[in-house]
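One-letter residues, chain by chain:
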Amino acid sequence: PRASSLAIWRDRVAAAGDPWAPRTIGLSENKWADGNIPDTAPIGGANVWPGRTNFDLSTDDGASVEAITVLHGRLNVLHRSGVSVVDEDAVAPYARPLAHQHGCIAPRSVINTGNFVLYLGEGHVCRFDGATSEPVSDDLRRTMRKLVDWDSAHLAVGVNVRQATEYRLWVPVKGLPG
């Protein structure tokens, strides 16, 4: 499948961000019918993508998937209207909305620190801890409102500088080219 965001979850490759299917999350097969992972599969059956393991994000506003990441062993789906967590029942995986108020507007801003996820939301940087999402700082929010070109903010890129425990975010600035 086409994807702009990949994650390894429960011995499967999860893929999302296909422009032709913006709400779909695809999961590779993790086992053959006999319960064994085939020897020819590079990562848990990553070369097998059955349609039955695909599912769509269900939100009231029809939001598309911006990014996916695994936090605390759970697949998290960041979308424009919030964050959803993928659960599995006996039939299939499904995305359950968890944090409705702070969505993601820039897929390349998403950084998983291992303890939480940082990303650019509408007007602020957000922190998702696996249960709730909230803006990082009101001071930062005020500064960003003045400087960021929000019409181009979807192009923002974030990195995690682990040695310095820093999240660095490059955003388009008002009045500057490109």
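Structure's up top.
Residues numbered from 1 in each chain as written. Predicted model: local features only at pLDDT ≥ 70, side-chain atom pairs only at ≥ 80, totals over all residues. Heavy atoms only, no water.

**A look at the sheet that holds strand 3 (residues 21–27)**
Pairing within the open sheet is antiparallel, and its four strands lie in the order 1-2-3-4. Since the sheet does not close on itself, it has two edges, and those belong to strand 1 (5–9) and strand 4 (55–56), each with one partner. (Pairing = 2+ DSSP bridges. Helix = DSSP H or I, 4+ residues; strand = E, 2+ residues; numbered from the N terminus.)

**What about the pattern of salt bridges?**
Per the counting criterion, the structure on display carries four salt bridges. Between Arg 2 and Asp 18 there is a salt bridge, with the nearest N and O atoms lying 3.8 Å from each other. A residue pair is termed long-range when its members are at least 10 positions apart, and Arg 2 in the segment before strand 1 and Asp 18 in strand 2 (residues 12–18) qualify at 16 residues. The buried category is assigned to Asp 18, whose relative accessible area is 15%. Measuring nitrogen to oxygen at the nearest pair gives 2.7 Å for the salt bridge that ties Glu 166 to Arg 168. (Salt bridge = Lys/Arg side-chain N within 4 Å of Asp/Glu carboxyl O. Buried < 20%, exposed > 50% of the residue type's maximum accessible area, 1.4 Å probe, protein only.)

**A short note on the environment of Leu 120**
Mapped onto the elements of the fold, Leu 120 is located in strand 10 (residues 117–121). According to the relative accessible area criterion, Leu 120 is buried, its value standing at 0%. Separated by 37 residues in the primary sequence, Leu 120 and Val 157 have C-alpha atoms spaced 8.9 Å apart.

**A short note on the sheet that holds strand 7 (residues 82–88)**
The four strands lie next to each other as 5-6-7-8, forming an open sheet whose pairing is antiparallel. Two strands lie at the open edges of the sheet, namely strand 5 (65–71) and strand 8 (93–99), each paired on one side alone. Adjacent strand axes in the sheet meet at a mean angle of 30°, parallel and antiparallel pairs treated alike. In this sheet, strand 7 lies alongside strand 6 (residues 74–79) in antiparallel orientation, the contact comprising four bridges. Of the residues in strand 7, the one forming a bridge with Leu 78 is Val 83. (Axes fitted to C-alpha atoms, helices over the stretch in contact; angles between N-to-C directions.)

**Structural notes on the pairing of strand 7**
For strand 7, the buried fraction is high: six of the seven residues fall into the buried class. Between strand 6 and strand 7, which pair antiparallel one after the other, the connecting turn spans two residues. Relative to strand 8, strand 7 is paired through six bridges, and the arrangement is antiparallel. Looking at strand 8, one finds that Val 83 is bridged to Ala 99.

**Structural notes on the packing of aromatic side chains**
Here the structure, examined in full by the defined rule, presents zero aromatic pairs. If you follow Arg 127 out to its NZ or CZ, it ends over the ring of Phe 116, 4.1 Å from the centre. (Phe/Tyr/Trp six-rings, centres within 6.5 Å; stacked < 30°, edge-to-face > 60°. Lys NZ or Arg CZ within 6 Å of the ring centre and 35° of its normal.)

**Observations concerning the nonpolar core**
Ile 25, Phe 55, Val 65, Ile 68, Leu 75, Val 77 and Val 86 are the most contacted members of the largest nonpolar core, which totals 14 residues. Secondary structure elements with two or more residues in this core: strand 1, strand 2, strand 3, strand 5 and strand 6. With twelve residues, the next largest nonpolar core counts Ala 67, Val 85, Cys 104 and Val 110 among its residues. (Core = buried A, V, L, I, M, F, W, Y, C linked by side-chain atoms within 4.5 Å.)

**Focus: the state of the cysteines**
Under the definition given, this model contains zero disulfides. Looking at Cys 104, it has no disulfide partner, and the nearest cysteine sulfur is the one in Cys 126, 8.5 Å off. (Disulfide = S-S within 2.5 Å.)

**Observations regarding unusual backbone geometry**
In this structure, Arg 10 is a non-glycine residue whose phi angle is positive, near 50°. Counting through the fold element by element, Arg 10 comes out in the loop between strand 1 and strand 2. We classify Arg 10 as partly exposed; its relative accessible area is 44%. In this structure, His 72 takes a positive phi of about 55° despite not being glycine. Structurally, His 72 is set in the loop between strand 5 and strand 6.

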